[in-house]
Number of protein chains: 2
Amino acid sequence: MSLNADETVSGEISPALLVDAMFGFRKTAAIKAAIELDVFTAIGGSGGTAASLASATKASERGMRILCDYLVVGGFLTKTGDRYGLTPSSRVFLDRQSPAYLGSAIDFVAAPEMARLFLDDPSAYVRNGGSVGLANVSADNPVWVRFARGMGSFVASSAESLAAEVARWPTAPKRVLDIAAGHGLFGIEVAKAFPKAEIVAVDWRSVLELAEANARNAGVADRYRILPGSAFEVDWGSDYDLVLLPNFLHHFDIDTCVTLLQKIRASLSETGNVIAVEFIPNEDRVSPPFPAAFSFEMLACTPRGDAYTEKDLAEMARRAGFGGISTRPLPPSPSSLIFFKR
Amino acid sequence: MSLNADETVSGEISPALLVDAMFGFRKTAAIKAAIELDVFTAIGGSGGTAASLASATKASERGMRILCDYLVVGGFLTKTGDRYGLTPSSRVFLDRQSPAYLGSAIDFVAAPEMARLFLDDPSAYVRNGGSVGLANVSADNPVWVRFARGMGSFVASSAESLAAEVARWPTAPKRVLDIAAGHGLFGIEVAKAFPKAEIVAVDWRSVLELAEANARNAGVADRYRILPGSAFEVDWGSDYDLVLLPNFLHHFDIDTCVTLLQKIRASLSETGNVIAVEFIPNEDRVSPPFPAAFSFEMLACTPRGDAYTEKDLAEMARRAGFGGISTRPLPPSPSSLIFFKR
């Protein structure tokens, strides 16, 4: 039997996929170390040897040599003689100087809390159909700030696309509610697109400090109001022209989503609109890959969350009193916008 | 930016590889849950739905549906309507009924201890050039038995190949020493090939109980003697015709390997031979993939272990007083045999 992870797996019998999965967390560990030590930025345009990179990152030469070799095997670096260089993709997404830098996501995606949630006893959440997840983590735990900060880099372009979409509508929204705002980027992009819009951002207080800082950096702080608390409990008022619900429904079961959507619907102005952002798997639930796989993420991390299909979302909308939904994918991101029809 | 993990990554700029690595431990978690719940065996030849598999594995239908969909996305299962089936590779390597079943490796490869070792602070072992690893774990910790048990499924065919190799030699070995025997499979295969050979197996006592059980199952227990203790400290006697050193050198630095090889050399009979089993990367240290990547495994798990190149191994041999080495790959396994010349 073979353990060579580079074998072609399509069709032929090979344990390559299995070995890749069994050893999957080694890849996470290596990319986490490289991002934390900022190896990709140190390599930059001019490249480096294990010795020069060790010196630049204050790491041992031995550790740096082994890490970089592993990253070459994994396709993240090139090696010529003893000199490492960036691949085109690493240059775009892993060099901190790049505007498309995605490295900050690692702080949350591979946080020790997350690793334990997934790996300590994966049979348990499959058996139980969900987990307590991070629900026991208090609202002011730093993990939520890491989450908000890490996810910001992933959704920046989606947030811009959402604002561009709204900018095509005939009427400019003035009162905007951003639910589970996190990093705040969705509301902030809307504020940038509509100079008269006022944003109310709901989330945990510690996280909203990050959203406020982002709003200041974007020059919209004077129209940005934070409302700390749970979206299910806080009184956010009424008469909203636009309610944003980015990446939030998937944390809950359908009944809970319906309850939230009812509360949202009751707080809309006469011409108000709701836009959610979600990963929408096809009805087969096994495609496209990222949205379909996201369901497992929710199984491990939440009591009853899921990645919802268009049919699921339409059912939620109907039960909450909306006329229906329409969706629009946000390529190249795996997210979609969901518009709730009045 | 795209997060679609199915994109072609060769040449084109895409975060697909990065997302795959960042999320790597989700794959480990899913395959671990599926193996522990024995989902692949339950699917077997006739397939199953989430409901039937949940019932067969005593798991929730919701958890089973989400797990199986994730395994379809990952290429481990097929889905037709709501019915899951095995891929040809899953049938061979993950159905417990299959003689090539590899699932038992997960107990060690993805043990919580291992996950923490890799993921809690990966920058630390890169910075330090190694880790305390499991060295602080006492010799009777159950993790070693999980290790020995788990690795057995991976090396079964290599152990057979080693014994077949020795069977081609002109002289049959009588006194055989198996160092860090673990599951014992290498020594046991030699015992099976040479009905007059007596095997002395060195390892921790708890692990040797497994080796003894395997020797009984193979019908060679009457010629199988265990010698519990550290290979560096125990007095294993002399006059050995064959010393086996399977997957052990990579745990130590070159100096320590030399010390051990000197001790081994001193205990050989006049015509005695030494065979090690190792993953041997090329001198570029980034190919072939599995042996090259194995170096990172040792960085995370040991103080100064490494995957050694042929040049490294030749240096060790020379310093220990051997004439040199020759090697033979063991395809389709990523291992090689190393013969030490007298």
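The model shown is predicted, which means the values in this text are computed figures rather than measured ones.

Most of helix α11 (residues 185-193) of chain A sits inside the fold, with seven of its nine residues counted as buried. Listed as buried for α11 of chain A are L185, F186, G187, I188, E189, V190 and A191 of chain A.

Attention now moves to the interface of chain A and chain B. Between chain A and chain B, the contact holds 93 residues from the first and 93 residues from the second. Carbon and sulfur atoms make up 69% of the area that chain A and chain B hide from each other, which totals about 8600 Å². At the junction of chain A and chain B, the tally comes to 10 salt bridges. For K27 of chain B, the salt bridge goes to D20 of chain A, with nearest N and O atoms at 2.9 Å. One can count 38 residue pairs in polar contact (both at pLDDT 80 or more) joining chain A with chain B. The element contributing the most residues to the side of chain A that touches chain B is helix α2 (residues 24-36) of chain A, with 12 residues. Among the residues making up the side of chain A that touches chain B, the classes are represented as 53 nonpolar, 19 polar and 21 charged.

With that settled, the discussion passes to the environment of E198 of chain A. Residues and elements named next belong to chain A. Mapped onto the elements of the fold, E198 is located in strand β5 (residues 198-203). Residue class for E198 comes out partly exposed when judged on its relative accessible area of 48%. Residues contacting E198, with those up to four places away along its chain left out, are K174, R175, V176 and R223.

Annotation from UniProt places "domain: O-methyltransferase dimerisation" (unreviewed entry) at residues 20-95 of chain A. When the span residues 20-95 of chain A is considered, its composition is 63% helix and 13% strand, and the gap between its end C-alpha atoms is 26 Å.

Looking along a regular strand, one sees the side chains alternate between the two faces of the sheet. Residues and elements named next belong to chain B. Strand direction decides the pairing type here: strand β2 (residues 77-80) and strand β3 (residues 83-86), joined by four bridges, are antiparallel. Bridge pairing links K79 to Y84 in β3. Connecting β2 to the antiparallel partner β3 that follows it, the hairpin turn spans two residues, and G81 within it adopts a positive phi of roughly 60 degrees.

A word on the relation of the copies chain A and chain B. For the match of chain A to chain B, the screw axis carries a shift of 0.0 Å, the RMSD comes to 0.0 Å, and the turn is 180 degrees. Here the two chains are linked by the operation of a two-fold rotation axis. In this assembly, 100% of the residues forming the interface of chain A have copies in chain B that are likewise at the interface, indicating an isologous arrangement.

The strands making up a sheet associate through hydrogen bonds between their backbones, and the pairing can be parallel or antiparallel. All names here are of chain A. Taken in spatial order, the three strands make up an open sheet running β1-β3-β2, and their pairing is antiparallel. Whereas interior strands pair on both sides, the edge strands pair on one side only; in this sheet they are β1 (48-49) and β2 (77-80). In this fold helix α5 (residues 61-73) packs onto β2 and β3 (83-86), with an angle of close to 110 degrees to the strand it touches most, β2.

All right, on to unusual backbone geometry then. The linkage connecting P331 of chain A with the following residue, P332 of chain A, adopts the cis geometry, with an omega of 5 degrees. The linkage connecting S287 of chain B with the following residue, P288 of chain B, adopts the cis geometry, with an omega of -15 degrees. Examined against the element boundaries, P288 of chain B turns out to sit in the loop between β8 (268-278) and α14 (289-301). Although it is not a glycine, R285 of chain A adopts a positive phi angle of roughly 65 degrees. As for its placement among the helices and strands, R285 of chain A is situated in the loop between β8 (268-278) and α14 (289-301). Its identity is not glycine, yet N247 of chain B carries a phi of approximately 50 degrees, on the positive side. As for its placement among the helices and strands, N247 of chain B is situated in the loop between β7 (240-246) and α13 (254-266).

A separate point is the pairing of β5 of chain A. All names here are of chain A. Of all the six residues making up β5, five are buried; the element is thus mostly covered by neighbouring parts of the structure. Across five bridges, strand β4 (residues 175-179) lies against β5 in parallel orientation. When the bridges of β5 are listed, L177 appears paired with V200. In this fold, β4 hands off to α11, which returns the chain to β5; that crossover is right-handed.

Analysis parameters
All chains use their own residue numbering, which begins from 1 and follows the written sequence. Going through the entries in the order they are written, you letter the chains from A and number the ligands from 1. pLDDT decides what is reported in this predicted model: residues at 70 or higher carry local features, side-chain atom pairs at 80 or more are listed and counted, and totals for whole chains, interfaces and linings draw on all residues regardless. Calculated side-chain values reflect all of the structure's heavy atoms, with hydrogen atoms and water omitted. Only protein chains enter the accessibility calculation, which uses a 1.4 Å probe; a residue is then buried when its area is under 20% of its type maximum, exposed when over 50%, and partly exposed in between. By the criteria applied, helices consist of DSSP H or I runs no shorter than four residues and strands consist of E runs no shorter than two, each listed in order from the N terminus. A contact between two residues is defined here by any heavy atoms of the two lying within 4.5 Å. Summed over both partners, buried area is the accessible surface (1.4 Å probe) that two parts give up on being assembled. Every case where a carboxyl oxygen of Asp or Glu lies within 4 Å of a side-chain nitrogen of Lys or Arg is listed as a salt bridge. Contacts described as polar in this section are N or O atom pairs within 3.5 Å, which, within protein, must combine one atom able to donate a hydrogen with one able to accept it, while residues neighboring in sequence count only if both atoms come from side chains. When residues are grouped by polarity, Ala, Val, Leu, Ile, Met, Phe, Trp, Tyr, Cys and Pro land in nonpolar, Asp, Glu, Lys and Arg in charged, and all others, Gly among them, in polar. UniProt positions are given in the numbering used here, feature names are shortened, and annotations may be inferred rather than shown by experiment. Between any two strands, at least two bridges found by DSSP are needed for them to pair. Least-squares superposition aligns the copies on the C-alpha atoms of those residues with pLDDT at or above 70 in both. Angular values range over 0 to 180 degrees, each being the angle between N-to-C directions of two axes fitted as lines to C-alpha atoms, with helices fitted over their stretch in contact. Consider the strands pointing away from the viewer: the crossover is right-handed when the path from the first strand over the helix to the second runs clockwise.

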